[in-house]
Amino acid sequence: MSYPDKFSGFQAPAAERWLEFEKNSWTPRPFGDYDVDIKIECCGVCASDMHTISGDWGGCPYPLAVGHEVVGKVLRVGPKVTLAKVGQRVGCGAQVYSCLDCRQCKNDNETYCKHQIDAYGAPYLDTGYTTQGGYSSHSRIHEYWVYPIPDAITSSEAAPMLCAGITVYSPLKRFGAGPGKKVGVVGIGGLGHFAVMFAKALGAEVWAISRSRAKEADAKKMGADGFLATSEKGWNEPHKMTFDLIINTANSFDGFQLSEYLSLLDVHGRWNSVGLPGGEGIKVNNFDFISNGCFIGSSHLGSRREMLEMFELAAEKGIKSWVEEIPISREGLQQAMAKLENSSVRYRSCMTGYDEAFGN
């Protein structure tokens, strides 16, 4: 495979023109001893991409190529790389660096490292370069953040697991989802559909929780044992203090009655939020969780160990992402963003057709 001097990709030019993706080229940061260069084959589309370039989460360095669910072939490896090899199909997610030396990194908590670097829009150490994401021809990643993809999983199915999948798999594993546990999943979307499938694969009793019953049939196909519609009067009453863990993936907090959800948890049960909608968030009242002593928290991505475990489980159990493929282009990215805005995607988009867009 030939090696390019410059990478190219579709970048958002400015917050006020964030949907006017422009195809540009840039010089990547200097190649290091532990670096892996990937020729990208496809990239999943995450709500984080939209929130970032639209300015919903504040400013970001434009022009910027987003996308952090990358799958492709290894093109080149540094002289000290041991975790990847040329020609291997690999993936990389929303984080591309941590120090690997601090207390967090040494305890499988590298996604909480103080020195972590995001896949796009972040200064890369002291190189003077800003990270660019996966709506691009190539990616240069430290080997630790590059993961082999099992043969049993197609590239477009694997891509969304690199962010949406690991974001829910990590808390499910850490908080004991498994046989004898009752797990709730709030929001059946890009993250939520993975939470249902992985919780079921881990052996838990799984209940999908959504505003209406519009997605009930889909949730049951994913493996949900039950379904709760929060728009129905008294929806939480029969299930109060019966859940061990609830994973909240909701993309909006409009009209969100946190107390009703927390009432579902057993004593010291856990409410773990992983969705990151814009706005002011939700108000927490101490009286809402004192009656069952439940814990309220969040989590960030997942460790390399958890990522490899997740892919192994998906391959073993035949877990398939519910994914819609869209050829990458300015118009294709606009279509993917529109599906995010109107919540019409079922349940994750993946940009494909990279050879046609960028050449072989």
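Every chain is numbered on its own, with residues counted from 1 as its sequence reads. Given that the model is predicted, a residue must reach a pLDDT of at least 70 before its local features are reported, and side-chain atom pairs must reach 80 or more before they are shown or counted; all residues, however, enter totals for whole chains, interfaces and linings. Side-chain numbers come from the whole structure's heavy atoms, not from hydrogens or water.

In the nomenclature of an unreviewed UniProt entry, the protein chain corresponds to alcohol dehydrogenase (NADP(+)) from the organism Metarhizium brunneum. As stated in UniProt under Subunit (unreviewed entry), the record for the protein chain gives "Homodimer." UniProt positions are given in the numbering used here, feature names are shortened, and annotations may be inferred rather than shown by experiment. The UniProt entry for the protein chain carries the following comment under Catalytic activity (unreviewed entry): "a primary alcohol + NADP(+) = an aldehyde + NADPH + H(+)".

Asker: Before we move on, could you go through unusual backbone geometry and cite the residues and values that matter?
Answerer: Omega for the peptide link from Tyr 62 to Pro 63 comes to -5°, which places this bond in the cis form. Here a strand is any run of E in DSSP of at least two residues, a helix any run of H or I of at least four, and the numbering for each starts at the N terminus. Positionally, Pro 63 belongs in the loop between helix H1 (47–53) and strand E4 (70–77). The linkage connecting Arg 346 with the following residue, Tyr 347, adopts the cis geometry, with an omega of -5°. Tracing the backbone shows Tyr 347 in the loop between helix H9 (330–341) and strand E17 (348–352).

Asker: Outline the pairing of strand E12 (residues 226–229), supporting the account with residue identities and numerical values.
Answerer: Whether a residue is buried, partly exposed or exposed follows from its accessible area with a 1.4 Å probe, protein chains only, as a fraction of its type maximum: under 20%, in between, or over 50%, in that order. Residues of E12 alternate between two faces, with Gly 226 and Leu 228 on one and Phe 227 and Ala 229 on the opposite face, all of them buried. Bridge count between strand E11 (residues 205–210) and E12: four bridges; the pairing is parallel. Following the sheet pairing, Ser 210 is matched in E12 by Ala 229. Traced from E11 through helix H5 (residues 216–222) to E12, the parallel crossover comes out right-handed. The criterion for strand pairing is that DSSP finds at least two bridges linking the strands in question. A crossover counts as right-handed when, viewed with the strands pointing away from the observer, the path leading from the first strand over the helix to the second turns clockwise.

Asker: Pulling in residues and values, what's your account of the environment of Met 197?
Answerer: Its location among the elements puts Met 197 in helix H4 (residues 192–201). Filtering out sequence-adjacent residues up to four positions away, Met 197 remains in contact with Met 222, Ile 319, Lys 320 and Trp 322. The contact criterion used is simple: two residues touch if any of their non-hydrogen atoms lie within 4.5 Å.

Asker: Would you mind going over the domain arrangement of the protein chain in detail, with residue names and values included?
Answerer: These domain boundaries are the output of an automatic or database domain assignment. For the protein chain, the domain assignment lists domain 1 (7–163 + 322–358) and domain 2 (165–298). Distance from the C-alpha centre of domain 1 to the C-alpha centre of domain 2: 28 Å. Here the buried area means the combined drop in accessible surface, using a 1.4 Å probe, for two parts upon being joined, counting both sides. Carbon and sulfur atoms make up 54% of the surface buried where domain 1 meets domain 2, a total of about 1,400 Å² over both sides. When the buried area of domain 1 at its contact with domain 2 is split by residue, Met 161, Trp 322 and Tyr 347 rank highest and sum to 48% of it. Here, a salt bridge means any Lys or Arg side-chain nitrogen found within 4 Å of an Asp or Glu carboxyl oxygen. Counting the contacts that link domain 1 with domain 2 gives zero salt bridges. Distance and chemistry together define a polar contact, namely a pair of N or O atoms within 3.5 Å, with one atom able to donate a hydrogen and the other to accept it when in protein, and with adjacent residues in sequence counting only for side-chain atoms on both sides. On the surface where domain 1 and domain 2 come into contact, there are eleven residue pairs in polar contact (both at pLDDT 80 or more). The residue classification treats Ala, Val, Leu, Ile, Met, Phe, Trp, Tyr, Cys and Pro as nonpolar and Asp, Glu, Lys and Arg as charged. All others, Gly included, are polar. Split by residue class, the side of domain 1 that touches domain 2 holds eight nonpolar, three polar and four charged.

Asker: Provide a residue-level description of the packing of helix H3 (residues 164–174) against H4, including the pertinent values.
Answerer: One can describe the packing of H3 onto H4 by two numbers: an axis separation of 9 Å at closest approach and a directional angle of 45°. Considering the angle they form, H3 stands oblique to H4. Along this stretch, H3 crosses H4, giving a crossing that reads as right-handed. The segment H3 lies against H4, with Ala 164, Gly 165, Val 168, Tyr 169 and Leu 172 engaging Phe 194, Ala 195, Phe 198 and Ala 199. Its residues placed into classes, the contact of H3 with H4 shows eight nonpolar, one polar and no charged. Helix axes are fitted to C-alpha atoms over the stretch in contact, other axes to C-alpha atoms as well, and angles between N-to-C directions run from 0 to 180 degrees. Comment on the angle field: the value is read as roughly parallel under 35 degrees, roughly antiparallel over 145, roughly perpendicular from 65 to 115, and oblique elsewhere. Each crossing gets its handedness from the near helix: less than a right angle anticlockwise from the far helix is left-handed, clockwise is right-handed.

Asker: Describe H4, and please don't skip the residues or the numbers.
Answerer: Counting buried positions along H4 gives nine out of ten residues, so the element sits mostly inside the fold. Among the residues of H4, those classed as buried are Gly 192, His 193, Phe 194, Ala 195, Val 196, Met 197, Phe 198, Ala 199 and Ala 201. Two residues or fewer past H4, Gly 203 is found with a positive phi of approximately 105°.

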